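# Observations on the model geometry
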Amino acid sequence: MYDCLEATISRPATTGLRKNRRLNFDRYREHHCLQLRAAPYTGPHSLIRAFAAAQSLHLPTHNLPDGSLLILDLLCTEALLFQRRFPDLLAIYEPARPVPKG
């Protein structure tokens, strides 16, 4: 049996990661973005193969400072196909958010 009363877990590290992740997407807010990163305890081989696949499709890519790969101008269905082809990568998809005119 587990004691559920001592479940006071502080989460400052995860909020910092979310802020950094959001900053990455805000820079490319006018583009559909797929961010791929290697899962814990895996090598970079799948990430390198995903980069090669994006380059072969002539998709713009950016290497982010945290070691992840950002693929731009993908539709949701294309992002799902990338995730299906590389299931050992962690993926975050963000649709384009145009800047409001005003």
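Conventions used here
Residues numbered from 1 in each chain as written. Predicted model: local features only at pLDDT ≥ 70, side-chain atom pairs only at ≥ 80, totals over all residues. Heavy atoms only, no water. Phe/Tyr/Trp six-rings, centres within 6.5 Å; stacked < 30°, edge-to-face > 60°. Buried < 20%, exposed > 50% of the residue type's maximum accessible area, 1.4 Å probe, protein only. Helix = DSSP H or I, 4+ residues; strand = E, 2+ residues; numbered from the N terminus. Expected span 1.5 Å × (residues − 1). Arc of directions from axis to C-beta. Contact = heavy atoms within 4.5 Å. Pairing = 2+ DSSP bridges. Axes fitted to C-alpha atoms, helices over the stretch in contact; angles between N-to-C directions. pLDDT = per-residue confidence, 0-100. Salt bridge = Lys/Arg side-chain N within 4 Å of Asp/Glu carboxyl O.

What follows covers the packing of aromatic side chains. What the rule picks out here adds up to 1 aromatic pair. Aromatic pair F82 and F86: ring centres 6.1 Å apart, planes at 35°, arrangement tilted. Here F82 matches F86 in class, with each residue buried.

A separate point is helix α2 (residues 45–56). A turn of α-helix holds 3.6 residues, and therefore any two residues three or four places apart point the same way. Its 12 residues give α2 an end-to-end C-alpha distance of 17 Å, which sits within 8% of 16 Å, the value for a rise of 1.5 Å per residue. The complete set of buried residues in α2 reads S46, L47, A50, A53 and A54. The arc that holds every buried residue of α2, seen down its axis, measures 120°, which confines them to one face. Looking at α2, the residues exposed on the side facing more than 90 degrees away from the buried face are H45, I48 and S56. Those residues of α2 that are buried lie in contact with β1 (33–38), β2 (61–63), β3 (69–72), α3 (76–85) and β4 (89–94). A positive phi of about 60° marks H58, the residue just after α2.

Bringing the sheet that holds β2 into the picture now. A sheet is described by the order of its strands in space; here 4 strands give the open sequence β2-β3-β1-β4, paired in antiparallel fashion. Taken across any chain shown, the strands that pair with only one partner, and hence form the sheet edges, are β2 and β4. Ignoring strand direction, the axes of neighbouring strands in this sheet form an average angle of 20°. One ladder, built from 4 bridges, connects β1 with β3; its direction is antiparallel. Counterpart to C33 in the pairing with β3 is L72. Across the sheet, α3 is in contact with β1, β3 and β4; its angle to β4 comes to roughly 175°.

The share of residues in the chain with pLDDT of 70 or more is 70%, and the mean pLDDT across the chain is 77. Taken together, the stretch residues 1–23 has pLDDT below 50 and engages in 5 contacts with residues farther than four places along the chain or on a different chain.

Residue placement: L47 occurs in helix α2. Residue L47 is classed as buried on the basis of its relative accessible area, which comes to 12%. Once you skip the residues sitting within four places of it in the chain, L47 turns out to touch L36, R37, A38, G67, L69 and L89.

To continue, consider the pattern of salt bridges. One pass over the full model with this rule turns up 1 salt bridge. A salt bridge links D66 to R37; the nearest nitrogen and oxygen atoms lie 3.2 Å apart. In this pair, D66 is assigned in the loop between β2 and β3 and R37 in strand β1, connecting sequence segments 29 residues apart. The partly exposed category is assigned to R37, whose relative accessible area is 22%.

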